[in-house]
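# Tertiary structure, described
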Amino acid sequence: MVDLSSDLGFLRLKNPVIAASGTFGYGLEFQPLYDLNLLGGLVIKGLYLKPREGNPPPRLAEAPCGLINSIGLQGIGVEAFCQDVLPKLSLLQTAIIANVCGEEEEEYARVAEYLSRHQGLSALELNISCPNVRAGGKCPAQDPEATYRTVKRVKQVSPLPLITKLSPNVTDITSVALAAEEAGSEAVSLVNTFLALAIDLESRKPKLGNVLGGLSGPAIKPLALRMVFEVARQVKIPVIGLGGIFSSHDALEFMVAGASAVEVGTANFVNPLACPEIIKGLEDWAESHGLNRLSEIVGSLKV
Amino acid sequence: MLQDKKARITETQSWGSYFLLRMSAPQIAREAQPGQFLMIRVSSGFNPLLRRPLSIHNCAGSELEVFFQVTGEGTRLLSQKMAGEELDILGPCGHGFSLKPEFKGREIFCVGGGRGLAPLYFLARELQTIGATPVIFYGGQTLSDLALKNRLVATDWEINFSTDDGSYGFRGFITQLVEQQLKKRKPAFLFGCGPEAMMACLAEICQLSNLPAEFSLESIMGCGLGACWGCVRKIKKGGAIKYLRICQDGPVFPAEEILWSGD
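This report concerns the structure included in the present document. (Residues numbered from 1 in each chain as written. Chains lettered and ligands numbered in written order. Predicted model: local features only at pLDDT ≥ 70, side-chain atom pairs only at ≥ 80, totals over all residues.)

Attention now goes to the nonpolar core. Core analysis: the biggest nonpolar cluster contains 190 residues, and Val100(A), Leu124(A), Val228(A), Ala259(A), Val262(A), Cys110(B) and Leu202(B) have the highest contact counts within it. Of the domains in this structure, domain 1 (2-93) and domain 2 (101-216) of chain B are the two that each give at least three residues to this core. With residues near it in sequence (within four places) discarded, Ala259(A) still touches Val228(A), Ala232(A), Val239(A), Ile240(A), Gly241(A), Phe254(A) and Val298(A). (Core = buried A, V, L, I, M, F, W, Y, C linked by C-beta atoms within 7 Å. Buried ≥ 20, exposed ≤ 12 C-beta atoms within 10 Å, placed from the backbone. Domains from an automatic or database assignment. Contact = placed C-beta atoms within 7 Å.)

This brings us to the interface of chain B and chain A. Contacts between chain B and chain A engage 22 residues on the former and 28 residues on the latter. Counting residues per element, the ones that place at least two in the side of chain B that touches chain A are strand 1 (2-15) and strand 14 (232-237) of chain B. Residue composition of the side of chain B that touches chain A, by class: 15 nonpolar, 5 polar and 2 charged. (Helix = DSSP H or I, 4+ residues; strand = E, 2+ residues; numbered from the N terminus. Nonpolar A, V, L, I, M, F, W, Y, C, P; charged D, E, K, R; others polar.)

Residue and element names in this part refer to chain A. A large share of strand 8 (residues 123-127) lies buried, amounting to 4 of its 5 residues. Here strand 7 (residues 95-100) pairs with strand 8 via 4 bridges, running parallel. By the bridge assignment, Ile97 is partnered in strand 8 with Ala123. The sheet contact formed by strand 8 and strand 9 (residues 162-165) spans 4 bridges and is parallel. Within strand 9, the position partnered with Leu124 by the bridge is Leu162. Taken together, strand 8, helix 3 (residues 144-157) and strand 9 form a β-α-β motif whose crossover is right-handed. (Pairing = 2+ DSSP bridges. Right-handed = clockwise from strand over helix to strand, strands pointing away.)

Moving on, we get to the packing of helix 2 (residues 105-116) of chain A against helix 3 of chain A. Residues and elements named next belong to chain A. Running from N to C, helix 2 and helix 3 point in directions that differ by 30°, and their axes come no closer than 9 Å. The orientation of helix 2 relative to helix 3 falls into the category roughly parallel. Here helix 2 runs over helix 3; the crossing is right-handed. Contacts from Glu105, Tyr108, Ala109, Ala112 and Glu113 of helix 2 reach helix 3 at Arg149, Thr150, Arg153, Val154 and Val157. Residues that form the contact of helix 2 with helix 3 fall into these classes: 5 nonpolar, 1 polar and 4 charged. (Axes fitted to C-alpha atoms, helices over the stretch in contact; angles between N-to-C directions. Parallel < 35°, antiparallel > 145°, perpendicular 65-115°, else oblique. Left-handed = near helix turned anticlockwise from the far one by under 90°.)

Below, the structure is given as structure tokens:
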């Protein structure tokens, strides 16, 4: 029996596979399809203080081996989440991680503070990297100083471990990761989606209602993998890797590149059983490679 | 709701750009209601990436049928599937048409434009089992759009056909034919599915005639489960206008709740 667990220091996951924010709703949507207790963890759809309308449709466009979305964080807000959803999620034996959003620094802090007052969350993921909520795809994670300030502010008000989610839409992602670490973030997760554009040629209009969107899926995997590799070499805190993970081999590559755990996003749409199948695949691979603990491979890339 | 990765195709039919696939999927078939849909994986690779949402056209015993038109790469790949092949399907998804006890003994108008007839066949069969009388309206631009003509004629339902060019049935829009009939008869309800302009026009006709109606809407979808919020549409609910998910809050909505593009 292989030990699949992933010890992030602040949190021990039963396995390294986490369902990614924005692709897994509020968690319960996938409950009819499989036992959510199989998951290492799940990250809730991004939460603001208030319910949020999101972006005008169309919100989805396909790209070769990829998906461009401009959902714009439509959601129920923290109050409804804590009242209606969290009590149900608390019954699960898996790590529940809330994704914290904000229009500005203070809202991030207030969302984190509100969530911290409730039982049932294992950690917070700080969403400073959504490309769909500010003009031109701008986000705090494009600036090390803004990242530092936001992390610092959230750490002041919330005792929960913090995972800062980074944007790939930067020149140097390691500087942002280091800023998050210095400000006290317990981990970083990367990457969010790549800012993208899809055009309908005949109408010469953007395919998405919000013009720009974020690209995810297999198309971005090599880029995400590179960034995880770069960041993992620079920071001391655990790295959670994501970006186009569709199979156990994808997940293993991210771990070899330095990720202690992985998040699975767009794959949940294409194959709703992606997460449990990846977990099974990790176990099989570890067994066939004679590993006692899967975590042995983290950061084992031979360069 | 479940995922069946081995739904074996038992029969295929085609009429120009229109296709019908019958598949064996006992567990999904057991739960399926008219107006619900399947999320079908069209490629075993990643291109195109997303599943395609298709209405359940018919459900009989352990078998399900989908009827669709080739409109892009996804439906083109699906159209090439052959009997004996296995499909990866997820379903039944969404909320279907409202079948009410008071429909018993009453006429129910089922209005489909082109591929929009897809969910109405299953619906008409269920209407019949609850003792209602389905009256089908099937419109297309031209005769070749009425792919299901023979199948419908073989039933004992009343079928009203229209084509824009007059190549079969009434010459004109199906909405005109519905309007004409509403002057003579009093159905209890109207169900519709088809092009936006057709449904918007029908919604107006129904409102003027005080005829309650429901429409089945279409959208690109990410998950089909209500998790991604990618397929939303503006819906009037309890005095407010909100983005609701076509996949989970629909795909069928009451006529008065739908905001049409001209609204």
